[in-house]
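Understanding the architecture of this molecule
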Amino acid sequence: MSFITTDDGTQIFYKDWGAGRPVVFSHGWPLNADTWDDQMMLVAEHGFRAVAHDRRGHGRSGQPWHGNDMDTYADDLAKLVETLDLRDAILVGHSTGGGEVARYIGRHGTSRVSKAVLLGAVPPIMVRTDANPDGLPIDVFDGIRAGVAADRSQFYRDLSMSFFGFNRPGAQVSQGARDAFWMWGMQVGLKGAYDCVKQFSETDFTEDLKRFDVPTLVAHGDDDQIVPIGAAGLKSAKLIKDATLKVYPGRPHGLVGAYKDEFGTDLLAFVTS
């Protein structure tokens, strides 16, 4: 397996497929790089180099007590990009990974980046504040922390239903997708999982989004029950210069079924354009 070592000594696992212009994937919470396998294969088969890492605390990466914060996540991504000497890269982030991409651009700029994709991403800010009345109340995120701390195994099993929209009437439930979600979630250390909730919910990415100066695809399902589109994708598309907004009617947070195929088609069109 391949690893880089960050400035604080944390080992970050990554996978590196194909050759060509790099497409770098950042995953959501509480998952890991494996969630991007379908999209990595797709772009690698079409002449791109697909790179994806496990965020610190997640998957096969180290599980440090400190550094489970958005600035460090972004710096870890920068370390990966610099160590592999990736240039003209296309950054793709889902959910929390979208926040990671935004903070990377906010902290490190776009000298190595040519395009960005935010899918069901948490920016500009998820939690409800006086300045963000459309956000979710803090009680929602307190409940996530309580669920993770009390019985994370059962919590992840339950969360998979709304994550993929399987709780909607008439939904075709894939037990395999639910099992994979649980398996990946259980690979996250408890400390990293708990700390990350604050990072994806309370971090304000507004100024980061204003620093985007590359073509950006903002993609979001309008039935996303985890990161509601109104306070996320719709606002991000307005804040990012040169953003293209793609709304998927009736689609959930997680890529599953027809949604996975639809996004794959749009992703391939965007990276090849």
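Just above, that's the structure.
Anyway, here's the lowdown on the structure attached to this text. (Residues numbered from 1 in each chain as written. Predicted model: local features only at pLDDT ≥ 70, side-chain atom pairs only at ≥ 80, totals over all residues. Heavy atoms only, no water.)

In terms of regular secondary structure, the chain is built from nine helices and eight strands. Projected onto its principal axes, the C-alpha coordinates of the chain cover approximately 40 × 40 × 40 Å. Across the 273 residues that make up the chain, the buried fraction comes to 55%. Surface accessibility of the chain: about 11000 Å² in total, with carbon and sulfur atoms responsible for 50%. (Helix = DSSP H or I, 4+ residues; strand = E, 2+ residues; numbered from the N terminus. Buried < 20%, exposed > 50% of the residue type's maximum accessible area, 1.4 Å probe, protein only. Areas by Shrake-Rupley, 256 points an atom, 1.4 Å probe, with all protein chains shown as cover.)

Moving on: the sheet that holds strand 6 (residues 113-119). With mixed pairing, eight strands are arranged side by side in an open sheet as 1-2-4-3-5-6-7-8. The open sheet has two edge strands, strand 1 (2-5) and strand 8 (243-248), and neither has a second partner. Neighbour-to-neighbour, the strand axes of this sheet turn through a mean angle of 20°, independent of strand direction. Judged from the five bridges that link them, strand 3 (residues 21-26) and strand 4 (residues 48-53) form a sheet pairing that is parallel. Paired with F25 across the strands is A52, a residue of strand 4. Packed on one face of the sheet, helix 3 (residues 96-108) meets strand 3, strand 4, strand 5 (89-94) and strand 6 and runs near 140° to strand 5. (Pairing = 2+ DSSP bridges. Axes fitted to C-alpha atoms, helices over the stretch in contact; angles between N-to-C directions. Contact = heavy atoms within 4.5 Å.)

Below, the discussion takes up the environment of G254. Looking at the secondary structure, you find G254 in the loop between strand 8 and helix 9 (258-272). Excluding anything up to four places from it in sequence, G254 contacts F163, F164 and Y259.

Attention now goes to the pairing of strand 1. Bridge count between strand 1 and strand 2 (residues 11-18): four bridges; the pairing is antiparallel. Considered in strand 2, the bridge of T5 is made with Q11. What sits between strand 1 and strand 2 in their antiparallel hairpin is a turn of five residues, with G9 showing a positive phi close to 90°.

A separate point is a nonpolar patch on the surface. Taken together, L234, L245 and V247 make up a surface patch of nonpolar side chains, about 200 Å² in accessible area. With respect to the helices and strands, the residue L245 is situated in strand 8. Taking relative accessible area as the criterion, L245 reaches 38% and is therefore assigned partly exposed. (Patch = residues over 30% accessible without salt bridge, like charges linked within 9 Å, V, L, I, M, F, W, Y side chains within 5 Å. Salt bridge = Lys/Arg side-chain N within 4 Å of Asp/Glu carboxyl O.)

If you trace the backbone, D204 turns up in the loop between helix 6 (190-202) and helix 7 (206-210). Looking at D204, the relative accessible area reads 43%, which means it is partly exposed. In this structure, the C-alpha to C-alpha distance between D204 and I125, residues 79 residues apart in sequence, is 4.9 Å. Once residues within four sequence positions are removed from consideration, D204 is found in contact with R103, P124 and I125. Looking at D204, its side chain comes within polar contact range of the side chain of T206, at 2.6 Å. (Polar contact = N/O pair within 3.5 Å; in protein donor to acceptor, adjacent residues only side chain to side chain.)

With 13 residues, helix 3 should reach 18 Å at 1.5 Å per residue; the first-to-last C-alpha distance of 18 Å fits that figure. Of all 13 residues that make up helix 3, 11 are buried, and the element is covered over most of its length. For helix 3, the complete set of buried residues consists of T96, G97, G98, G99, E100, V101, A102, R103, Y104, I105 and G106. G109 occupies a position one or two residues after helix 3 and carries a positive phi of about 75°. (Expected span 1.5 Å × (residues − 1).)

Judged by nonpolar contacts, the single largest core of 57 residues is most densely connected at W29, Y104, I144, F200 and F212. Listing elements by their share of this core, those giving two or more residues are strand 2, helix 2 (70-83), strand 5, helix 3, strand 6, helix 4 (138-163), helix 5 (175-186) and helix 6. Other than its neighbours up to four places away in sequence, F212 contacts A102, I105, A116, L118, I240 and K241. Core analysis: the second largest hydrophobic core is formed by 22 residues, I90, L119, F263 and F270 among them. (Core = buried A, V, L, I, M, F, W, Y, C linked by side-chain atoms within 4.5 Å.)

This structure, assessed with the given rule, holds 26 salt bridges. Of the charged contacts in the structure, one is a salt bridge between R49 and D16, with a shortest N-O distance of 2.7 Å. Linking R49 in strand 4 with D16 in strand 2, this pair joins segments that are 33 residues apart in sequence. Using a relative accessible area of 31% as the deciding quantity, one classes D16 as partly exposed. Across the pair E207 and K210 runs a salt bridge, and its minimum N-O distance is 3.4 Å. Within this pair, E207 and its partner K210 are both found in helix 7, separated by three residues, close to a single helical turn. Judged by relative accessible area, which is 48%, K210 ranks as partly exposed.

In short, the description is geometric, and any link to function would need to be established separately.
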